[in-house]
Amino acid sequence: MPQDTMTVSVQPGPSSTATSRTKLAIFLALAFIIGLLPLGSSLILHFPDERYYSNGAVIMMQSGDYLTPHTAEGDVRLKKPPFTYWMSLAGMEIFGISVIGSRFFWLVGGAAILLATFQFTRILTRNDQTALLAAALLAANGAFLRASFNAIPDLPLTLFMLLGFIGFTGLLFKDDRQRTYALLAYGGTGFAVLTKGLLPLAMVAYVIAYALGVASVRPRARRLWQPSVVLPSIVIFGAWFAYQSFTASSELASDFVGDQLSEKVAIGFGTFVDGLSSNIAGLFLPVLLWLVMLLVGARTSGKGPTVQSIGATAPFIAGWIVTVAIIFSLSRYASYRYIIPVIPLLCVLLAVALQSVMDQRADSVLRVILRISMILMAGALAVILLLGLLLLPPVIVVALAIIAVAGLAGLWLYSRGATTERLAACFALLLLGAAFISTPVLRGLLLPDIGAVIAAKAGPVHLPQDQVLFIGSHLDAAKLRLYMDREAPFPQMRRFPEAGIAPGIKLVMTNEQPVADKLKSLGFNVEEVVGGWRRVEWPPFYAALRARDLIGARNQYGQRGWIATRP
């Protein structure tokens, strides 16, 4: 039998140490969920495309049609396959139609990606230090954190493509558990296709091309053909596309093909440069500290960074990262988000490279940077908590302050004598803890969002669907829909109808002053509601601080909405 080509140069540590690092990786994943839960359960940060998936999930629940996504206006929307809608829907089935319901499984998915990255690195290196370092680098990555609580396809795509890539790596470079790796490879790819479309198929094409094109790997290419897994995967994951080709063929052709290819792909030097610049920034800016530490470690150890410890898998991983960067450099819409699916793989390579050069002196430098970061974070949190005294009950602010002091003290003590992977975990925990402590104060100033306050007024009326209407921004309508129970759906439109308000409409909701004024002129009883201070400007904010009346300023400058009822 051929030898395993995943060669390593580092021997496993003692089992007790390995167990402690595994527990720390699990702790990091749980801290990831807890730290981001306050942000995920509120609309402080809201990505515009979330409205498609939250609206679509609510409509699926209300209509019982779980196969064909629809917009809030009732149109079929097949730009993306249905898994993202199902993921949001699953959370709403547990927590009800709500923000946390829509986003919950994104937090779980982010934690799962951390653990998958840990396990993948351990398979490659057989070293738990490097595995923990890779997971910690990912947990401290700002682009990844940002994707972990917005209900759009980026995060589930990253999860399934990572699982698929782990499977393909195992098939090409490992001799054992071929069945398991085949299930990961083709199951992960299939779910990724059901999440966002064609990029996972590009991964399959890359894997095949690499296996056939690289002489050292070519003898193992036959391992990719696992008919007992491949054929069922094609049937299962292709079923939705086959169904839509019969029931909504024109929408599938226009929406899906347009979104995946004709509307996105653009060939041109300027487009390529813009896209490549965005992709490079998305890859390397969030890990700038660790790139600096590579230089520091190389200087203190006298060794150059290397990824030789993972052998032939290193160019395989790096090649896919480069391939994705090139693919999305051909998109007419440049965005760092497109590179997110390969960020876990970058963290794997970066962790291996760091472990090859870091020594006690480099760790000392990293520890100093960590402690300076902790001091700066302590100052920032102190300012935020002082603002919290003007917005929240004192008992909540005191509790947050106790958590902050205990957390910072614990990290400070834990970092003494810690090695690279544990110091990186401290950086991740510092960011997650700061998010957890800051969010309640930000909520006190920026929330409730206008959807919540409109729903609080309109929801208890319990009018039939054909007697309720929303006019205004699609973004705020999507927020409103997250607070209305499934028995109270509502139609919406962007502009005031030219034909006027139908006689059967008893209640109109809007977030636009001109619409409210027009309704009032038509004889509707119009009531104004006020949400959080979404667009904070410095002069009134500073004046409110001097007057120690942030709540009053929030009420004065908060986002407005209107409820209009027919007499």
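As a convention, each chain's residues are numbered from 1 in the sequence order in which they are written. The model is predicted, so local features are restricted to residues of pLDDT at least 70 and side-chain atom pairs to those at 80 or more, both for listing and for counting; the totals for chains, interfaces and linings are taken over all residues. Heavy atoms throughout the structure, all of them, feed into the side-chain values; hydrogens and water do not.

Caption draft 1: Layout of the overall build of the protein chain. Working definition: helices are DSSP H or I runs of at least four residues, strands are E runs of at least two. Numbering for both runs from the N terminus. Across its full length, the protein chain holds 23 helices and five strands. For the radius of gyration, the atoms used are the C-alpha atoms, and the globule rule reads 2.2 Å times the number of residues raised to 0.38. Rg of the C-alpha trace for the protein chain: 26 Å, near the compact-globule value of 24 Å for 567 residues, within the 12% margin. For the protein chain, the spread of C-alpha atoms along the three principal axes comes to 85 × 60 × 45 Å. Note on contacts: a residue pair is in contact if any heavy atoms of the two residues lie within 4.5 Å. Taking all contacts inside the protein chain whose residues are at least 6 apart in sequence as the whole, residues at least 24 apart take part in 81%. Note on areas: Shrake-Rupley with a 1.4 Å probe; residue coverage comes only from the protein chains shown. For the protein chain, the computed accessible surface area is about 24000 Å², with 66% contributed by carbon and sulfur atoms. Looking at charge distribution, the protein chain has the averaged site of its 45 positive side-chain charges lying 9 Å from that of its 31 negative ones. In summary, the charge assignment counts Lys and Arg as positive and Asp and Glu as negative, without counting His or the chain termini. Charge placement uses NZ in Lys and CZ in Arg. For Asp and Glu, CG and CD serve respectively.

Caption draft 2: Seen up close, the sheet that holds strand S1 (residues 468-471). DSSP calls a pair of strands paired once it identifies at least 2 bridges connecting them. The sheet built from five strands is open, its strands ordered S2-S1-S3-S5-S4 with mixed pairing. What marks the edges here is a single partner per strand, and that holds for strand S2 (492-493) and strand S4 (525-530).

Caption draft 3: How the structure looks around helix H8 (residues 178-196). Given a helix with a known number of residues, its expected span is that number minus one, times 1.5 Å. Its 19 residues give H8 an end-to-end C-alpha distance of 27 Å, which sits within 8% of 27 Å, the value for a rise of 1.5 Å per residue. Remark: Gly197 follows H8 within two positions and exhibits a positive phi of approximately 115 degrees.

Caption draft 4: Up close: the pattern of salt bridges. The salt bridge criterion pairs a side-chain nitrogen of Lys or Arg with a carboxyl oxygen of Asp or Glu, the two atoms within 4 Å. Per the stated rule, a full pass over the model turns up 15 salt bridges. Here Arg122 ties to Asp128 by a salt bridge, and the two come within 2.8 Å at their closest N and O atoms. The exposure class assigned to Arg122 is partly exposed, which follows from its relative accessible area of 24%. In this structure, the salt-bridge partner of Asp175 is Arg223, at a minimum N-O distance of 3.2 Å. With Asp175 in the loop between helix H7 (154-173) and H8 and Arg223 in the loop between helix H9 (199-213) and helix H10 (227-247), the pair connects residues that are 48 residues apart, well separated along the chain. It is possible to trace a salt-bridge network through shared partners that takes in Arg21, Glu421 and Arg422. Think of it in three bands: with a 1.4 Å probe and only protein chains considered, a residue is buried below 20% of the maximum accessible area for its type, exposed above 50%, and partly exposed in between.

Caption draft 5: Representation of the environment of Asp476 in the model. With respect to the element layout, Asp476 can be found in helix H20 (residues 474-481). The buried category is assigned to Asp476, whose relative accessible area is 8%. The spatial distance from the C-alpha of Asp476 to the C-alpha of Pro48 is 9.9 Å, given a sequence separation of 428 residues. Look past the residues within four positions of Asp476 in its chain and what remains in contact with it is Ile450, Phe470, Asn511 and Gln559.

Caption draft 6: Just helix H17 (residues 394-414), in detail. For H17, spanning 21 residues, the distance from its first C-alpha to its last is 30 Å, which sits close to the expected 30 Å at 1.5 Å a residue. Here H17 has its buried residues at Val397, Leu400, Ala404, Leu408 and Leu411. Considered in projection along H17, the buried side chains sweep an arc of 65 degrees and stay on one side of the axis. When the buried face of H17 is taken as reference, the exposed residues oriented beyond 90 degrees from it are Pro394, Val395, Ile402, Val405 and Leu413. Where H17 is buried, its residues touch helix H16 (360-388) and helix H18 (420-446). What the arc covers is the set of directions going from the helix axis to the C-beta atoms.

Caption draft 7: Layout of the packing of aromatic side chains. Pairing of aromatic side chains here covers Phe, Tyr and the six-membered ring of Trp, requires ring centres within 6.5 Å, and sorts the geometry by plane angle: under 30 degrees stacked, over 60 edge-to-face, intermediate tilted. Tallied over the full model, the rule gives 25 aromatic pairs. When the ring of Phe168 is compared with that of Tyr186, the centres are 5.3 Å apart and the planes differ by 85 degrees; the resulting orientation is edge-to-face. Of this pair, Phe168 sits in helix H7 while Tyr186 sits in helix H8, and the two are 18 residues apart along the sequence. Relative to Tyr210, the ring of Tyr206 lies with its centre 5.9 Å away and its plane at 40 degrees, an arrangement referred to as tilted. Taken together, the residues span about one helical turn, with Tyr206 and Tyr210 both in helix H9 at a distance of four residues. Accessibility classification places Tyr206 together with Tyr210 in one group, the buried group. Above the plane of the ring of Tyr52 lies Arg77, whose end atom (NZ or CZ) is 3.8 Å from the centre. Over a ring means this: the NZ of a Lys or the CZ of an Arg is within 6 Å of the ring centre and within 35 degrees of the ring normal. Taking NZ or CZ as reference, Arg481 lies 4.2 Å from the ring centre of Phe490, over its face.

Caption draft 8: Structural detail: the nonpolar core. By size, the foremost hydrophobic cluster in this structure holds 138 residues, and its most contacted members are Trp290 and Trp320. Among the elements that line this core, the one with the most residues is H18, at 15 residues. Contacts of Trp320, omitting those with residues within four sequence positions, involve Met161, Phe165, Leu199, Ala202, Met203, Tyr206, Val342 and Leu345. Throughout, nonpolar core names a set of buried Ala, Val, Leu, Ile, Met, Phe, Trp, Tyr and Cys residues whose side chains join them through atoms within 4.5 Å. Formed by 15 residues, the second largest nonpolar core is a distinct cluster that contains Ala458, Leu480, Phe490 and Ile563.

Caption draft 9: Structural context of the packing of helix H19 (residues 450-458) against H20. Helix axes are fitted only over the stretch in contact, all axes being lines through C-alpha atoms; the angle between N-to-C directions runs from 0 to 180 degrees. The geometry of H19 relative to H20 is characterised by a closest axis approach of 8 Å and an angle of 55 degrees between their N-to-C directions. It follows from the interaxial angle that H19 and H20 lie oblique. Pair H19 / H20 crosses with right-handed handedness. The segment H19 lies against H20, with Ile450, Gly451, Ile454 and Ala455 engaging Asp476, Lys479 and Leu480. Classifying every residue of the contact of H19 with H20 by side-chain character gives four nonpolar, one polar and two charged. Any angle from 65 to 115 degrees is called roughly perpendicular, while one under 35 is roughly parallel, one over 145 is roughly antiparallel, and all others are oblique. Crossing handedness is defined as follows: a turn of the near helix away from the far one that is anticlockwise and smaller than a right angle gives a left-handed crossing, while the clockwise case is right-handed. Residue type decides the class: Asp, Glu, Lys and Arg count as charged, Ala, Val, Leu, Ile, Met, Phe, Trp, Tyr, Cys and Pro as nonpolar, and the leftover types, Gly among them, as polar.

Caption draft 10: How the structure looks around the packing of helix H2 (residues 50-63) against helix H3 (residues 83-95). Two elements in contact, H2 and H3, have axes whose closest approach is 8 Å; the angle formed by their N-to-C orientations is 65 degrees. Pair H2 / H3 crosses with right-handed handedness. Contacts between H2 and H3 involve Tyr52, Tyr53, Ser54, Gly56, Ala57, Val58, Met60 and Met61 from the first element and Thr84, Tyr85, Trp86, Ser88, Leu89, Met92 and Glu93 from the second. Looking at the contact of H2 with H3 residue by residue, the classes come out as 10 nonpolar, four polar and one charged.

Caption draft 11: Spotlight on unusual backbone geometry. Backbone torsion omega between Leu447 and Pro448 reads 10 degrees, so that peptide bond is classified as cis. Within the secondary structure, Pro448 sits in the loop between H18 and H19. Even without a glycine there, the phi angle at Arg177 is positive, about 50 degrees. Examined against the element boundaries, Arg177 turns out to sit in the loop between H7 and H8. The residue His462 is not glycine, and still its phi comes out positive at about 55 degrees. Mapped onto the fold, His462 is located in the loop between H19 and S1. Residue His462 is classed as exposed on the basis of its relative accessible area, which comes to 56%.

Caption draft 12: Focus on a nonpolar patch on the surface. On the surface, a nonpolar cluster with roughly 510 Å² of combined accessible area is contributed by Leu198, Leu201, Val257, Leu261, Val265 and Ile267. Using a relative accessible area of 43% as the deciding quantity, one classes Leu261 as partly exposed. Note that patches include only residues with greater than 30% relative accessible area and no salt bridge, and the join distances are 9 Å for like charges and 5 Å for nonpolar side chains (Val, Leu, Ile, Met, Phe, Trp, Tyr).

Caption draft 13: Expanded view of the side chain of Thr420. With respect to the secondary-structure elements, Thr420 resides in helix H18. Given a relative accessible area of 4%, Thr420 falls into the buried group. Ignoring sequence-local partners within four residues, the contact set of Thr420 consists of Leu133, Gln355, Met358, Asp363 and Leu366.

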